[in-house]
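Now for the letters of each chain:
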Amino acid sequence: MEQNVVLEMRDISKNFTGVRALSHVDFTLRKGEIHALMGENGAGKSTLIKVLTGVHEFESGTIHMAGNSNAIINHSPQEAQANGISTVYQEVNLCPNLTVAENLFIGREPRNKLGMINWKEMNSRSKVLLESLDIEVAPTTLLDECSIAIQQMIAIARAVDMKCKVLILDEPTSSLDDDEVAKLFKLMNRLKDEGVGIIFVTHFLEQVYEVCDKITVLRNGELVGEYDVENLPRVQLVAKMMGKD
């Protein structure tokens, strides 16, 4: 595995009954890189992410993570998370009836000697984490009272606190306004500076050119290619996605 690479997927194939969803696809993500995964609906983007995060099994290929000499196979999103891969979906999968702090630490709450949740420590650690990422919300706020943008940032903060090396953002900007998108991009760039590799799935081309370093294009379950953003004009990107000029 070349230096600086945090994730390497090689020769990944996946079939659903009678349908080839992925055919010998390669994908490489480097540290501190925002990498767009592009393709029309049905191109294989979601399948590739679900193979990576343990939602789907795959027939052939290998997945390597930096710092792990053996190939990994994730059997569940929890296992993927333990391997340093976190996903934040468009529909935030947190608990709206709990506070921000409870969502940040769900399943790993700090506890006192009696095994009870240490609320004071949880709230203070949450405050430090939120401030470090410039997320303006109080730890004791109910998640339900936060905007979708803030909820997504909280999901990202949780991933960061769990020391993710790979952060997958699946259509995160679909329901955000321009100001919220700008805040999300600021947070993404901050994580990029800290060495996190980010996979960005979106159908907004202008956002790809605003925030991404690389683009991988899939079409009909096959790899079209990996490109530097500055070397791939929008017209060419659309042509590669569609398979025609």
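We now turn to the structure provided with this report. Everything numeric in this text was worked out from a predicted model, so none of it was measured. (Residues numbered from 1 in each chain as written. Predicted model: local features only at pLDDT ≥ 70, side-chain atom pairs only at ≥ 80, totals over all residues. Heavy atoms only, no water.)

## Some points on unusual backbone geometry
Logical step 1: Unusually for a residue other than glycine, His24 sits at a positive phi of about 55°.
Logical step 2: Considering the arrangement of structural elements, one finds His24 in strand E2 (residues 19-30). (Helix = DSSP H or I, 4+ residues; strand = E, 2+ residues; numbered from the N terminus.)

## Brief notes about the pairing of strand E5 (residues 85-89)
Logical step 1: Counting buried positions along E5 gives four out of five residues, so the element sits mostly inside the fold.
Logical step 2: Summarising the sheet, E5 and strand E6 (residues 166-170) pair through five bridges and their orientation is parallel. Bridge pairing in E6 places Tyr89 opposite Asp170. (Buried < 20%, exposed > 50% of the residue type's maximum accessible area, 1.4 Å probe, protein only. Pairing = 2+ DSSP bridges.)

## A closer look at the pattern of salt bridges
Logical step 1: A full pass over the atoms with the stated rule returns 12 salt bridges.
Logical step 2: Its salt-bridge partner being Arg10, residue Glu8 comes within 3.5 Å of it at the nearest N-O pair.
Logical step 3: Take Arg10: its relative accessible area is 30%, and that puts it in the partly exposed class.
Logical step 4: Here the salt bridges do not stand alone but share partners, grouping Arg30, Glu33, Lys214, Glu226 and Asp228 into one network. (Salt bridge = Lys/Arg side-chain N within 4 Å of Asp/Glu carboxyl O.)

## What to know about the packing of helix H5 (residues 148-161) against helix H6 (residues 178-193)
Logical step 1: Here H5 crosses H6 at 10°, and the two axes come no closer than 10 Å. In terms of orientation, H5 lies roughly parallel with respect to H6. On the side of H5, the interface is formed by Ala149, Met153, Ile156 and Val160, while H6 contributes Glu180, Lys183, Leu184, Leu187 and Leu191.
Logical step 2: A class-by-class count of the residues in the contact of H5 with H6 yields seven nonpolar, no polar and two charged. (Axes fitted to C-alpha atoms, helices over the stretch in contact; angles between N-to-C directions. Parallel < 35°, antiparallel > 145°, perpendicular 65-115°, else oblique. Contact = heavy atoms within 4.5 Å. Nonpolar A, V, L, I, M, F, W, Y, C, P; charged D, E, K, R; others polar.)

## Here we look at the environment of Glu59
Logical step 1: You can see Glu59 is positioned in the loop between helix H1 (45-52) and strand E4 (60-65).
Logical step 2: Measuring from C-alpha to C-alpha, the distance between Glu59 and Ile12 comes to 7.6 Å, with 47 residues separating the pair along the chain.
Logical step 3: Dropping the residues within four chain positions of it, Glu59 is found in contact with Ser13, Lys14 and Asn15.

## What to know about the sheet that holds strand E9 (residues 222-228)
Logical step 1: With respect to topology, six strands assemble into an open sheet ordered E5-E6-E7-E3-E8-E9, the strand pairing being mixed. Lying at the two open borders of the sheet, with one neighbouring strand each, are E5 and E9. Sheet twist, expressed as the mean angle between neighbouring strand axes with direction ignored, is 20°.
Logical step 2: Across the face of the sheet, helix H8 (residues 234-242) comes into contact with strand E3 (34-38), strand E8 (214-219) and E9 while running at roughly 30° to E8.

## With respect to the sheet that holds E2
Logical step 1: Read across the open sheet, the three strands follow the order E2-E1-E4; overall the sheet is antiparallel. Since the sheet does not close on itself, it has two edges, and those belong to E2 and E4, each with one partner. The average angle at which neighbouring strand axes cross in this sheet is 10°, direction not considered.
Logical step 2: Bridge analysis of strand E1 (residues 5-16) against E4 gives five bridges, and the strand direction is antiparallel. Looking at the pairing, Glu8 lines up with His64 of E4.
Logical step 3: The sheet strands contacting H1 are E1, E2 and E4, and the helix crosses E1 at an angle near 115°.

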